[in-house]
Amino acid sequence: MGPLRAAAARGLRRGGGGGRGAAPAAREGSKGSAARGGRPAPPAALHLFGDPAEVEALRGSLLAWYDECKRDLPWRVLAVTEPDVNRRAYAVWVSEIMLQQTQVATVIDYYNRWMQKWPTLQALAEASLEEVNELWAGLGYYSRGKRLQEAARKVVSELAGQMPRTAEDLQKLLPGVGRYTAGAIASISYGQATGVVDGNVIRVLCRLRCIGADSSSPPVIDRLWAMANALVDRSRPGDFNQALMELGATVCTPKAPLCGECPVKQHCRARLRVEKELALASRKLLGKLPVVPDVEDCGVGGCPLCPPAAEPWDSSLGVTNFPRKAAKKQPRVEQTATCVLERRGRRGALEYLIVQRPSSGLLAGLWEFPSVPLAPGLQQEQQREVLVDHLQAWAGQPVAAGSLRFIGEVLRACERQRGEESGPATGSKRKRGAKPGAAGSTRPGTQLSLRTFLRAPNPP
Ligand code: SF4
């Protein structure tokens, strides 16, 4: 291992919890029915869309607003103008996958480049994973692009290039396509009257119907799906679903909803509650007897959709009392030792060893400097031993522990660098893309196999 030099660094990685679990079926009318003070139990209608005339009115108001106010987005144009049903479904599918966890403004440029490069399922199926990852770089959650491509290959090789034609089949047959994505593709591309539930829809529905129970719990999610499926406009399902999501994204926002501009405010029970409270407060202020009935949750002691008794309605929050989520789990923290292994190559340039991560799990299939997870509490010397063992397993030959040089912790180094870059010094700005030190002498684009890298190069 003579010509190899190595520098090791520790870094922290954070891993998060998984996605939403499958929701067990919730039954209509199973909400709490406790009686209060001898009076009949309050109806659970507070949480329902029980009046067909109201549902019609809500659909009409929402669609009229959408027609007038919707944002011009490239996937919306394709969903309307693309005559080929497979290409149309593919165009919607790509947008839905990119929009998961990523802002619309960020996605637009990625989407345009993607559709230019791979305008069809067939084109995507022929791309390499490296090409997909390259275009995806910066969007995050690389597994989304990888699964999208795997699914495209499946459509081409196993389904004769034909996209499944219903939400049920899309979810069943395509890897990476969950209930939401399947509903979005089917309603927007095929006009199937099926609802969708994403974060924006959850927020809007919880406010429209005063749902204050944990909105990530399976029974509540199940109820929201039932609601979305019942509400969706039968003649314009794709537009209706997009309108509901658009409303959540632009008007019924998480922290500062624009209720005064909301096209469905007359159907919103959270807003009604706020108005009643204000009316009540002002009458009390004027010393008048309250003629406005007191506002309260729909049931006592057990409505599964009302806020929990321990966290009742908070007047200072207004409509943002809804939705509510259980406290987030703390992210898992992992510490890894990373090794930058370098040698001087055949033409005198520095070469670095990078290896591919496993095909599943965090950052699956991506390339990195060799790294190994560290057990908590290891001393620096023990960390070095762990890393040496790992490198020997990679290289298939002994690695001298003495050749490893500790260069620091990635997070601390980043903080230090950030501090230096934001300092007052002038005239020392590094050019964008310029590399510090000798590493800048590497010729870009030279890629060697692991075997070639580990073979000592001929002297220059
Ligand atoms: Fe959201 Fe306000 Fe509209 Fe209700 S009235 S749906 S809280 S923006």
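As shown above, the structure is provided for reference.
Because the structure is a prediction, the values reported are computed rather than measured.

A look at the overall build of the protein chain
1) Next: Counting its secondary structure elements, the protein chain contains 16 helices and 7 strands.
2) Next: Expressed as a percentage of its 460 residues, the buried residues of the protein chain come to 40%.
3) Next: For the protein chain, the accessible surface area stands at approximately 25400 Å², while carbon and sulfur atoms represent 54% of it.

Points about the packing of helix 1 (residues 52–69) against helix 12 (residues 237–250)
Axes are the key here: two packed helices are described by the angle between their axes and the distance separating the axes.
1) Next: Packing of helix 1 against helix 12 brings their axes to within 9 Å, and their N-to-C directions diverge by 75 degrees. Classified by the interaxial angle, the pair formed by helix 1 and helix 12 is roughly perpendicular. Contacts between helix 1 and helix 12 pair Leu58, Arg59, Leu62, Leu63, Trp65, Tyr66 and Cys69 from the former with Asp239, Phe240, Gln242, Ala243, Leu244, Glu246, Leu247 and Thr250 from the latter.
2) Next: Among the residues making up the contact of helix 1 with helix 12, the classes are represented as 10 nonpolar, 2 polar and 3 charged.

Let's talk about a nonpolar patch on the surface
1) Next: A grouping of Ile354, Trp367 and Phe369 is seen on the molecular surface, where their side chains present a nonpolar patch of about 280 Å² in accessible area.
2) Next: Relative to the helices and strands, Ile354 resides in the loop between strand 3 (350–352) and strand 4 (355–356).
3) Next: Residue class for Ile354 comes out partly exposed when judged on its relative accessible area of 42%.

Focus on the packing of aromatic side chains
1) Next: All chains considered together, the criterion is met by 5 aromatic pairs.
2) Next: Considering the side-chain rings of Trp114 and Trp118, the 4.7 Å spacing of their centres and the 75 degrees angle between planes classify their relative orientation as edge-to-face.
3) Next: A relative accessible area of 0% places Trp114 in the buried class.
4) Next: Of the residues examined, Trp118 reaches a relative accessible area of 4% and is grouped as buried.
5) Next: Taken together, Trp114, Trp118 and Trp136 form an aromatic cluster joined through their ring pairs.
6) Next: Over the face of the ring belonging to Trp225 we find Arg179, whose NZ or CZ atom lies 4.1 Å from the ring centre.
7) Next: Directly above the ring of Phe49 sits Arg209, whose terminal nitrogen or CZ lies 3.8 Å from the centroid.

Some words on the environment of Leu231
1) Next: Within the secondary structure layout, Leu231 lies in helix 11 (residues 218–231).
2) Next: Owing to a relative accessible area of 2%, Leu231 belongs among the buried residues under this scheme.
3) Next: Separated by 176 residues in the primary sequence, Leu231 and Val55 have C-alpha atoms spaced 6.7 Å apart.
4) Next: Sequence-distant contacts of Leu231, defined by excluding residues within four places in its chain, comprise Phe49, Val55, Arg59, Leu205 and Phe240.

Topic: the pattern of salt bridges
1) Next: The final tally for this structure, using the stated rule, is 16 salt bridges.
2) Next: Across the pair Arg236 and Asp239 runs a salt bridge whose closest N-O atoms are separated by 2.8 Å.
3) Next: On the accessibility criterion, Asp239 (27% relative accessible area) is partly exposed.
4) Next: Via salt bridges that share partners, Asp67, Arg236 and Asp239 belong to a single interconnected network.

Cut-offs applied
Residues numbered from 1 in each chain as written. Predicted model: local features only at pLDDT ≥ 70, side-chain atom pairs only at ≥ 80, totals over all residues. Heavy atoms only, no water. Helix = DSSP H or I, 4+ residues; strand = E, 2+ residues; numbered from the N terminus. Buried < 20%, exposed > 50% of the residue type's maximum accessible area, 1.4 Å probe, protein only. Areas by Shrake-Rupley, 256 points an atom, 1.4 Å probe, with all protein chains shown as cover. Axes fitted to C-alpha atoms, helices over the stretch in contact; angles between N-to-C directions. Parallel < 35°, antiparallel > 145°, perpendicular 65-115°, else oblique. Contact = heavy atoms within 4.5 Å. Nonpolar A, V, L, I, M, F, W, Y, C, P; charged D, E, K, R; others polar. Patch = residues over 30% accessible without salt bridge, like charges linked within 9 Å, V, L, I, M, F, W, Y side chains within 5 Å. Salt bridge = Lys/Arg side-chain N within 4 Å of Asp/Glu carboxyl O. Phe/Tyr/Trp six-rings, centres within 6.5 Å; stacked < 30°, edge-to-face > 60°. Lys NZ or Arg CZ within 6 Å of the ring centre and 35° of its normal.

Without other data, these values stay purely geometric and don't point to any function.
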